[in-house]
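Observations on the three-dimensional arrangement
These are the residues of each chain, in order.
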Amino acid sequence: MVCSDEQYSNDTTISMKILVAGDSFAAEWPGHNGWTKLLANSYTVTNVAQAGCSEYKILKQIQKVKLDEFDCVIVSHTSPSRVHTPCHPLHKQGLHKDCDLLWNDIDRTNLFNPSLAAAKGYFRYHYDDQYQCDMYALVRQQINTLLTNKQYISMSHIEVAKLFVVEDQHIDFSEFWQEHKGKENHYNTKGNQKLHQILLDNIK
């Protein structure tokens, strides 16, 4: 059987394998309109992103997979202020079960949660923003080195993350997000559709 050009193009597109890693802007949310799920309509997508995670956990996401199996890697970078923890004091299940520590998430009182009290104490008495930024920069550079031989699309959605760009192909969505905030991957339906199209235009 001879395939038409259109059939060949579609088969080639679907067979292209893409790894998605990163934070909640890339994780699999409930619903069907998130950009990662839209991307899976065109490519074979493996999504290892985790909501609320630190840059360290993003590095671990990438290290745990066989990169040779993927043609393209998309990474959504997080905030430098996220502090790694193996066990969050509040989020134990659901979308944020792998969440790391962020002051805005734990700034609350619970007399029966010593883990929460310890986390708050760390932020109050020991947190060092310069250290966090330095470690973030090192981890982000390591991710970039790991993906040197891949088509690597780096993206960020919060303004501070773009200050640490080391990637050749980076897309800053911080202003875009402010215009399209919503309830799936933090974007509304229109925002997810537009973001999806931007990625399609950038994938080779």
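Our structure's up above, just so we're on the same page.
Attention here is on the structure that accompanies the text. (Residues numbered from 1 in each chain as written. Predicted model: local features only at pLDDT ≥ 70, side-chain atom pairs only at ≥ 80, totals over all residues. Heavy atoms only, no water.)

**Considering the nonpolar core**
- In this structure, Ile 18, Trp 35, Ile 74, Leu 195 and Ile 203 are the most contacted members of the largest nonpolar core, which totals 24 residues.
- For this core, the secondary structure elements donating two or more residues are β1 (17–22), α2 (35–39), β3 (72–77), β4 (151–156), α7 (174–179) and α8 (189–202).
- Discounting chain neighbours no more than four positions away, the residues touching Ile 18 are Leu 39, Tyr 43, Thr 44, Val 45, Thr 46, Phe 70, Cys 72, Ile 74 and Ile 203.
- In terms of nonpolar packing, the next biggest core, distinct from the first, is built from 14 residues, Ala 21, Cys 53, Val 73 and Tyr 152 among them. (Core = buried A, V, L, I, M, F, W, Y, C linked by side-chain atoms within 4.5 Å. Buried < 20%, exposed > 50% of the residue type's maximum accessible area, 1.4 Å probe, protein only. Helix = DSSP H or I, 4+ residues; strand = E, 2+ residues; numbered from the N terminus. Contact = heavy atoms within 4.5 Å.)

**Things to note about the sheet that holds β1**
- If you walk across this open sheet you meet the 5 strands as β2-β1-β3-β4-β5, and the pairing is parallel. The open sheet has two edge strands with one neighbour each: β2 (44–47) and β5 (170–172). With strand direction ignored, the average angle separating the axes of adjacent strands in the sheet is 20°.
- Inspection of the sheet shows β4 paired to β5 by 3 bridges, in the parallel sense. Its bridge partner being in β5, Met 155 is matched across the sheet by Ile 171.
- Seen against the sheet, helix α3 (residues 55–63) touches β1 and β3 and runs at an angle of roughly 165° to β3. (Pairing = 2+ DSSP bridges. Axes fitted to C-alpha atoms, helices over the stretch in contact; angles between N-to-C directions.)

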